[in-house]
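# Inside the fold
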Amino acid sequence: MKKILLAAVLFIATTATIQAQLLQIGVKAGVNFASQTGDAFPDQNIDKEGITSYHAGLVAEIKLLEKFSIQPELLYSTQGASYKSVGQEIKKELGYLSIPVMAKIYLNKSISLEVGPQASFLLSEKDDFDLYNAETFEFAANAGLGVKLTKNIFLQGRYSLGLTEASKNADVKNSTVQISAGFMF
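Structure report, in brief. None of the values given here were measured: they were computed from a predicted structure. (Residues numbered from 1 in each chain as written. Predicted model: local features only at pLDDT ≥ 70, side-chain atom pairs only at ≥ 80, totals over all residues. Heavy atoms only, no water.)

Evaluated as defined, the whole model comprises two cavities of 30 Å³ or more. Computed from the structure, the largest cavity encloses a volume of approximately 50 Å³. Lining of the largest cavity is provided by E61, Q71, K104, K148, T150, K151, N152, I153, F154 and M184. Here the lining of the largest cavity is composed, by residue class, of three nonpolar, three polar and four charged. In this model, the second largest cavity occupies a volume close to 40 Å³. In terms of lining, the second largest cavity is formed by K104, Y106, S110, S112, E114, G146, V147, K148, F154, L155 and Q156. (1 Å grid on protein atoms, 1.4 Å probe; cavity = no way out; pocket = protein on both sides within 12 Å on 5 of 7 lines; lining within 4 Å. Points joined across faces, edges and corners; volume = space filled by probe spheres on them. Nonpolar A, V, L, I, M, F, W, Y, C, P; charged D, E, K, R; others polar.)

We now examine the pairing of strand β9 (residues 171-184). Here strand β1 (residues 23-39) pairs with β9 via 14 bridges, running antiparallel. Within β9, the position partnered with T37 by the bridge is K173. The sheet contact formed by strand β8 (residues 153-162) and β9 spans nine bridges and is antiparallel. By the bridge assignment, S160 is partnered in β9 with T176. (Pairing = 2+ DSSP bridges. Helix = DSSP H or I, 4+ residues; strand = E, 2+ residues; numbered from the N terminus.)

With that settled, consider the pairing of strand β3 (residues 51-65). Both β1 and β3 contribute to a ladder of twelve bridges, which runs antiparallel. Each bridged residue has a counterpart across the sheet, and for K28 the counterpart in β3 is G57. Across eight bridges, β3 lies against strand β4 (residues 68-85) in antiparallel orientation. Pairing of V59 across the sheet is with E73, part of β4. Hairpin connection, β3 to β4: the antiparallel pair is bridged by two residues.

On to the nonpolar core. Within the largest apolar cluster, eight residues are counted, these being A81, Y83, L94, Y96, L122, A134, A166 and V172. Sorting the residues of this core by element identifies β4 and β5 (88-106) as the ones contributing at least two each. Setting aside residues up to four positions removed in sequence, L122 forms contacts with L94, G95, Y96, A134, E135 and T136. (Core = buried A, V, L, I, M, F, W, Y, C linked by side-chain atoms within 4.5 Å. Buried < 20%, exposed > 50% of the residue type's maximum accessible area, 1.4 Å probe, protein only. Contact = heavy atoms within 4.5 Å.)

Rendered as structure tokens:
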């Protein structure tokens, strides 16, 4: 009986150790350099500029092969643009719950290429003037580079290109460059 109990404890400990190596959970946050592509107001002379905003949330890394992992994330991310016309500036900020799922290909032990889709759900819409009604769902493609500074600390740079319209009545798509820092537990 003691041998069976000892074997069960060793099996559980080994399984937990293997799972800890295959799955890491962490947090990340960073800056967004967001803009919108397309023409929101084709009949008017309005200049469009990007805005600086932020993102923060949870991240997991699931190691599938020696040099390949999947990294799902759950982020709050703000995006949008600033519109200027005749001395008046209108800032449009959209807050999303973003769910990127990145495939990570490790070039060596610390540098990885990252690519994958992102689904985003609109949580908030802030502007100085009712510019346009934002779509409640956005789909994007992401690509970037990750660097592990230590076993637990990482940096990421990513470009996100919106593939669906960000507005119900304007021809605009979100475009965002993200710089992140994170910690894996």
